[in-house]
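# Descriptive analysis of the structure
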Amino acid sequence: MPNDCSHPFEKSATAPDAYAPVYDGLQERPFPRQLGMEVTAFCNLHCAMCHNATLKRPKGRMPFELFRRCVDEVAELSPSTEVWLSFNGEPLLEPELLLRMLAYAKSLRLTSLNLNSNGTRLDDTLVEPLLASGLDLVVFGIDGLTSETYSRVRLGGDRDCVYANVERFLALRLACATGPEIMVQFIEMEENAHEREAFVDYWLSRGAILKVRRKLSWGGRMNTALAVPPERRTACPWSVNLMHVCWDGTVPRCCGDTDGTEAVGNVWHESLSTLWRRMAPNRAAQLDGRFDQLPARCATCRDWMVGVSEKIRPTWGAFSDQPAPAESVAEW
């Protein structure tokens, strides 16, 4: 459904210079640049831009032994890989498991531990443990400034509770010498586009980093406002950079395959590196521009259009070395 939101590819036949490094940097790698680990497939919200409520596969939580198997391999082969403790579901629904996972991953000296959360379960018992956990980045998906907009987008959540949780967490982090970067995400869509600027200003003034991106189609399963002509198609950053492990060890061919119907295998039985190599033909087709040779799901998926997000850093706070104007850059 169209709206007034602009997209970098809608303005010219090629990606603007600010976005080019994201796409020009796509290349074949011996190990994934990012690894998403599904702590749990359960979620306590039913959000307008999310597919979780319609998942067909069984939901559960990841056994710690499976997590250990995966991050042991990351530590051995590619300790700089970004490990994200999220795919489907809300990881803070499993606080003890999450903290145990973080402690173990940190003991392996992994250099990039990251968390996505809706912020609803960030109570007082979790704030200090998370700040001290070794996390490098926490991304809170909020997407609405007013209660009216938040309730339309984040169904089942309490806007005032989430804002209090995240603001408390952010204030305590800014008072510390070290700790994770705190990022607040705004997924721009028809329901909230009118609040974008006010949302950005609100969180910048509190010292958070802003991440603004477009709504995903999740493998063509959801409607988005994106409409880039086929002749301007680029390789999909999600497919080229990212690998996901579901809670039961299933590895889908891409993050758009949220039900794992096109799974390439299971890490209980094979290594991450083996499964990553098995996905290489799909990455090669993406990088070579042979889009007509991609699986059928790729024909309707629009998520390659959302590979770029806008990161806006505040003028002050623990995440800036010195005072400076707010900086906006395009990043993967």
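The rules behind the values
- Residues numbered from 1 in each chain as written.
- Predicted model: local features only at pLDDT ≥ 70, side-chain atom pairs only at ≥ 80, totals over all residues.
- Heavy atoms only, no water.
- Buried < 20%, exposed > 50% of the residue type's maximum accessible area, 1.4 Å probe, protein only.
- Helix = DSSP H or I, 4+ residues; strand = E, 2+ residues; numbered from the N terminus.
- Arc of directions from axis to C-beta.
- Contact = heavy atoms within 4.5 Å.
- Core = buried A, V, L, I, M, F, W, Y, C linked by side-chain atoms within 4.5 Å.
- Lys, Arg positive; Asp, Glu negative; His and termini not counted.
- Salt bridge = Lys/Arg side-chain N within 4 Å of Asp/Glu carboxyl O.
- Polar contact = N/O pair within 3.5 Å; in protein donor to acceptor, adjacent residues only side chain to side chain.
- 1 Å grid on protein atoms, 1.4 Å probe; cavity = no way out; pocket = protein on both sides within 12 Å on 5 of 7 lines; lining within 4 Å.
- Points joined across faces, edges and corners; volume = space filled by probe spheres on them.
- Nonpolar A, V, L, I, M, F, W, Y, C, P; charged D, E, K, R; others polar.

## Some details on helix H7 (residues 196–204)
- Listed as buried for H7 are Arg196, Phe199, Val200, Trp203 and Leu204. Along H7, the residues classed as buried sweep out an arc of 125° about the axis, all on the same side.
- Packed against the buried residues of H7 are helix H6 (159–174), strand S7 (181–188), strand S8 (209–214) and strand S12 (309–313).

## Comments concerning unusual backbone geometry
- Backbone geometry at Arg109 places phi at a positive 65°, although glycine is not the residue there.
- Along the chain, Arg109 turns up in the loop between helix H3 (95–107) and strand S4 (113–117).
- Looking at Arg109, the relative accessible area reads 71%, which means it is exposed.
- Despite not being glycine, Asp143 has its phi angle at roughly 70°, a positive value.

## Points about the nonpolar core
- Among the nonpolar cores identified, the biggest contains 67 residues, and Leu130, Ile142 and Trp203 are the most heavily contacted of them.
- Leaving out residues up to four positions away in the same chain, Ile142 has contacts with Tyr150, Arg154, Val162, Tyr163, Val166, Val184, Gln185, Phe199 and Trp203.
- Judged by nonpolar contacts, the second largest core, of eight residues, contains Phe87, Cys236, Leu242 and Trp304.

## Here we look at the side chain of Glu73
- Mapped onto the elements, Glu73 comes out in helix H2 (residues 64–77).
- An unpaired buried charge is present at Glu73: no salt bridge exists, and Arg69, the closest side chain of opposite charge, is 6.3 Å distant.
- Sequence-distant contacts of Glu73, that is, excluding residues within four places in its chain, are made with Phe31, Ser78, Ser271, Leu272 and Ser273.

## Let's talk about the pattern of salt bridges
- Evaluation of the coordinates by the stated rule reveals 17 salt bridges.
- Ionic pairing is found between Arg168 and Asp124, a salt bridge with its closest N-O pair at 3.0 Å. Separated by 44 residues along the polypeptide, Arg168 in helix H6 and Asp124 in helix H4 (residues 124–131) bring together distant segments of the chain.
- Arg168 gets classed as partly exposed once you look at its relative accessible area, which sits at 28%.
- Between Arg196 and Glu310 there is a salt bridge, and its shortest N-O distance comes to 2.5 Å. Of this pair, Arg196 sits in helix H7 while Glu310 sits in strand S12; the two residues are 114 residues apart in sequence, bridging distant segments of the chain.
- By relative accessible area, which is 19% here, Arg196 ends up buried.
- Linked through salt bridges whose partners overlap, the residues forming this network are Glu188, Arg196, Glu197 and Glu310.

## Quick look at the side chain of Ser133
- Structurally, Ser133 can be placed in the loop between H4 and strand S5 (137–141).
- There is a polar contact of 2.7 Å between the side chain of Ser133 and the backbone oxygen of Leu130.
- Contacts of Ser133, omitting those with residues within four sequence positions, involve Leu99, Leu102 and Lys106.

## Considerations on empty space enclosed by the protein
- Taken as a whole and assessed by the stated rule, the structure comprises one cavity of 30 Å³ or more.
- Roughly 120 Å³ of internal volume is contained in the largest cavity.
- Forming the boundary of the largest cavity are 15 residues, of which Cys236, Ser239, Cys254, Cys298 and Cys301 lie nearest the centre.
- Contributions of two or more residues to the lining of the largest cavity are made by helix H8 (237–241) and helix H10 (280–288).
- A class-by-class count of the residues in the lining of the largest cavity yields seven nonpolar, five polar and three charged.

Remember that the coordinates give geometry; whether it matters functionally is a separate question.
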